[in-house]
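Observations on the model geometry
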Amino acid sequence: LYTIKFEEILGMRNTNSSVPTNSSVFDLNKLERSVPTWNGLMLKMLTWILDSVIGYPIHVFLAKFNLVPIERVEIEEDPTFYPFWPAPNDSLLKADDVHAIEWQNEFLHNNYKGSPHFRSILDYHKKYLGKVLTPLDVVRMVERKIAQSEEQSPPLRCFTQLNIALAKEAAFQSTLRYEHGKPLSVLDGVPICVKDEFDVKDFSTCHGRSGKGEVNTADCSVVGVLRNYGAIIIGITNMHEMGMGVTGINPHHGATRNPYNDKHVTGGSTSGGATAVAAGILPIAIGSDGGGSVRIPAAFCGVHGIKPTFGRLSPHGTGFSLSSVSVPGVIGNTAADVALVSCTCSQKVIRYYFLYSSLFLL
């Protein structure tokens, strides 16, 4: 018997929500007994028969007399396009709020299980506080790692745009804040990268295409929040062109390579971000996910990725701002890192933002 308790997973309770507050129980044993199992040769033979001339009446028979017909399945909860659980309080979204570091520190200490390979957000923050490393040191290391990833044969091709000078300037300011004991948050000085679908100040948004567009003068909502918390934008990552594929093979910027086997693809379309995290270049990558564009490369590269609930992270300033399918997502070394960045970027998006945008297009 497998039981999921919403309160235990989310650590919160919303009594005004229409989500059931009691446990949702799924009897998997009962399900296994009632659903017939087909595999191997039997499955191949059934598929061949269903594709043949006599397949249609058999298909009708199976659909009608199946022990668990789909048309009879009852879903107890009403579907929704909007998150039931509230975003963090407005105070947590302000970079100058003294509670920001307390909240993020408490979250990481309660949830951090350690990364088996590379440094996590908490690792960076502790080394900064202990003066073992500075953000400027880290950006210089990231610069070397990127150069090494491009010099190897074949190259990883994580990034399509870099501005190390701006990153070093941001790292210098972050280093000064740590020296004065006033970091903006746990994310202060942590290097991140952003998919080529998000508007990032001083970079172009090209969606994996050739050439460069106009240089952006402002950040999209998600990047703006992270920058306000002190995160350092290293550059723009490679992606499957226009996000229309799951291999990460880009004809203009080159195919991203899987860090664990350069003969394998990384998955897509957030291919460069997953590669950069899995290669240990940096701990966090911002991507987007409609049909798996964060989850697929995260799985292929052995890192963590999440597609948040629609409406949880603002799509403003992205190439998919009018979509209810694609949403901003996060890839990271640890589940705690991914959850922290997702919660930090979570904002109270106007519920009818998409409706207004759609009407504007008309």
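Everything numeric here is computed off the predicted structure, so don't read it as measured data. (Residues numbered from 1 in each chain as written. Predicted model: local features only at pLDDT ≥ 70, side-chain atom pairs only at ≥ 80, totals over all residues. Heavy atoms only, no water.)

Looking at the chain as a whole, its pLDDT mean stands at 80, while 70% of the residues score no less than 70. Counted against residues more than four places away or in other chains, residues 1-24, with its pLDDT under 50, gives 38 contacts. Contacts for the low-pLDDT stretch residues 350-362, under 50 throughout, to residues beyond four places or in other chains number 11 contacts. (pLDDT = per-residue confidence, 0-100. Contact = heavy atoms within 4.5 Å.)

A complete count under the given rule lists 6 salt bridges for this structure. For Arg227, the salt bridge is made with Asp219, and the minimal N-O distance between the two is 2.6 Å. Given the relative accessible area of 33%, Arg227 is considered partly exposed. Close ionic contact of Arg295 with Asp289 constitutes a salt bridge, the shortest N to O distance being 2.8 Å. (Salt bridge = Lys/Arg side-chain N within 4 Å of Asp/Glu carboxyl O. Buried < 20%, exposed > 50% of the residue type's maximum accessible area, 1.4 Å probe, protein only.)

Inspection of the secondary structure puts Thr270 in the loop between β5 (232-237) and α10 (271-278). Among the residues examined, Thr270 registers a relative accessible area of 0% and is labelled buried. In terms of polar contacts, Thr270 uses its side chain to reach the backbone carbonyl oxygen of Ser288, at 3.3 Å. Within the local environment of Thr270, its side chain forms a polar contact with the backbone oxygen of Ser293, the two atoms lying 2.8 Å apart. When near neighbours in sequence (up to four residues on either side) are disregarded, Thr270 contacts Lys195, Ile286, Gly287, Ser288, Ser293, Val294, Pro297 and Ile331. (Helix = DSSP H or I, 4+ residues; strand = E, 2+ residues; numbered from the N terminus. Polar contact = N/O pair within 3.5 Å; in protein donor to acceptor, adjacent residues only side chain to side chain.)

On to unusual backbone geometry. A negative phi angle characterises most non-glycine residues, just as the trans form characterises most peptide bonds. Of note, the bond from Ser153 into Pro154 is cis; its omega dihedral lies within 30 degrees of zero at -5°. By the element assignment, Pro154 lies in the loop between α7 (135-151) and β3 (159-162). Residues Gly268 and Ser269 are joined by a peptide bond in cis, for which omega reads 15°. Note that Ser269 resides in the loop between β5 and α10. Of note in the backbone geometry, Asp202 takes a positive phi value of approximately 75° without being a glycine. Looking at where Asp202 falls in the secondary structure, it is placed in the loop between β4 (191-195) and α9 (221-228). In this model, Met242 sits at a positive phi of 60°, which is unusual for a non-glycine residue. Structurally, Met242 is set in the loop between β5 and α10. On the basis of relative accessibility, which here comes to 40%, the residue Met242 falls in the partly exposed class.

Below, the discussion takes up the packing of aromatic side chains. Applying the stated criterion to the full structure yields 2 aromatic pairs. Considering the side-chain rings of Tyr124 and Tyr128, the 6.2 Å spacing of their centres and the 45° angle between planes classify their relative orientation as tilted. Taken together, the positions of Tyr124 and Tyr128, both in helix α6 (residues 121-129) and 4 residues apart, correspond to about one turn of that helix. Judged by relative accessible area, Tyr124 falls into the buried class, the value being 5%. (Phe/Tyr/Trp six-rings, centres within 6.5 Å; stacked < 30°, edge-to-face > 60°.)

Consecutive side chains along a regular strand alternate between the two faces of the sheet. For β4, the buried fraction is high: 5 of the 5 residues fall into the buried class. When β4 meets β5, the two strands line up parallel, connected through 5 bridges. When the bridges of β5 are listed, Val194 appears paired with Ile236. Handedness of the crossover joining β4 and β5 through α9: right-handed. (Pairing = 2+ DSSP bridges. Right-handed = clockwise from strand over helix to strand, strands pointing away.)

The element β5 is largely enclosed, with a buried count of 6 among its 6 residues. Here 3 bridges tie β3 to β5, and the two strands are oriented antiparallel to one another. For Gln161, the partnering residue across the bridge sits in β5 and is Ile236.

Time to look at the nonpolar core. The nonpolar side chains of a soluble globular protein tend to be buried, and buried together. In terms of nonpolar packing, the biggest core is built from 57 residues, with Phe159, Leu226, Ile234, Ile286 and Val341 touching the most fellow members. The biggest single contributor to this core is α7, with 5 residues. Ignoring sequence-local partners within four residues, the contact set of Val341 consists of Ile121, Leu187, Leu226, Ile284, Ile286 and Val330. (Core = buried A, V, L, I, M, F, W, Y, C linked by side-chain atoms within 4.5 Å.)

At a minimum axis distance of 9 Å, the contact between α9 and helix α12 (residues 335-345) shows a crossing angle of 105°. What the angle tells us is that α9 and α12 run roughly perpendicular. Residues Val222, Val225 and Leu226 of α9 pack against Val341, Thr344 and Cys345 of α12. (Axes fitted to C-alpha atoms, helices over the stretch in contact; angles between N-to-C directions. Parallel < 35°, antiparallel > 145°, perpendicular 65-115°, else oblique.)

The topology assignment puts Thr334 in the loop between β8 (327-332) and α12. With 215 residues separating them in the primary sequence, Thr334 and Arg119 have C-alpha atoms 9.4 Å apart.

With that out of the way, let us pick up the sheet that holds β3. The 6 strands lie next to each other as β3-β5-β4-β6-β8-β7, forming an open sheet whose pairing is mixed. Each end of this open sheet is capped by a strand with a single partner; those strands are β3 and β7 (304-306). Shown here is a sheet whose adjacent strand axes are inclined to one another by a mean of 30°, direction ignored. In terms of strand pairing, β4 meets strand β6 (residues 284-289) through 3 bridges, oriented parallel. Bridge pairing in β6 links Cys193 to Ala285. Strands β3 and β5 of the sheet are contacted by helix α8 (residues 164-179), whose axis makes an angle of about 160° with β5.

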